[in-house]
Amino acid sequence: MFIIIRVGDISLSFPLSAEQAKDLKPNLRFEIICSVEDGRTLYSADRLEPTISNPYDTIIGKHYLLVLPEQLVVFDEQTGNALKTVIWRATDH
């Protein structure tokens, strides 16, 4: 049996027994290690206009930090063991 994980256009797979996959499923986590691209932040805002059912004028502001992914790590949260690591090359960005 293989676990297949897809993140964007990256696909990871690694062999596990059925019992290992069952034990791992609730603890499977992803970590993306990034570097800050240039230190700038971007801002955008959405406005929700009032309605009869929701009579509040709301603005939701969002701040974005530009980063470049360097590694994707798939790990078991319970043990902390890394199961798979993918390193991005400069040409992958």
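Student: Honestly, the overall build of the chain in this entry has me stumped. Any pointers?
Tutor: Helix and strand content of the chain: one helix and five strands. Written out in order from the N terminus, the α and β elements of the chain read β-β-α-β-β-β. The buried share of the chain, taken over its 93 residues, is 16%. Taking contacts inside the chain between residues at least 6 apart in sequence as the whole, the part at least 24 apart equals 45%. Accessible area for the chain stands at about 7300 Å²; split by element, carbon and sulfur atoms hold 55% of it.

Student: What is the right way to read the pairing of strand 5 (residues 82-87) from this model?
Tutor: Bridging between strand 4 (residues 58-76) and strand 5 involves five bridges; their strand directions are antiparallel. For Val74, the partnering residue across the bridge sits in strand 5 and is Lys84. Hairpin connection, strand 4 to strand 5: the antiparallel pair is bridged by five residues, and Gly80 has positive phi, about 85 degrees.

Student: Would you take a moment to explain the environment of Cys34 for this structure?
Tutor: Mapped onto the secondary structure, Cys34 falls in strand 3 (residues 28-48). Residue class for Cys34 comes out partly exposed when judged on its relative accessible area of 36%. Note: C-alpha distance between Cys34 and Leu72 (38 residues apart in sequence) is 9.0 Å. Those residues in contact with Cys34, other than ones at most four positions away along the chain, are Val67, Leu68, Pro69 and Glu70.

Student: So what exactly am I meant to see when it comes to the pattern of salt bridges here?
Tutor: Throughout the structure, instances matching the rule amount to five salt bridges. For the salt bridge of Arg40 with Asp38, the shortest nitrogen-to-oxygen distance reads 2.8 Å. A relative accessible area of 46% places Arg40 in the partly exposed class. Since its relative accessible area comes to 40%, Asp38 is described here as partly exposed. Among the ionic pairs, Glu49 bridges to Arg47, the shortest N-O distance being 3.6 Å.

Cut-offs and rules
- Residues numbered from 1 in each chain as written.
- Predicted model: local features only at pLDDT ≥ 70, side-chain atom pairs only at ≥ 80, totals over all residues.
- Heavy atoms only, no water.
- Helix = DSSP H or I, 4+ residues; strand = E, 2+ residues; numbered from the N terminus.
- Buried < 20%, exposed > 50% of the residue type's maximum accessible area, 1.4 Å probe, protein only.
- Contact = heavy atoms within 4.5 Å.
- Areas by Shrake-Rupley, 256 points an atom, 1.4 Å probe, with all protein chains shown as cover.
- Pairing = 2+ DSSP bridges.
- Salt bridge = Lys/Arg side-chain N within 4 Å of Asp/Glu carboxyl O.

That is the geometry; function is a separate question.
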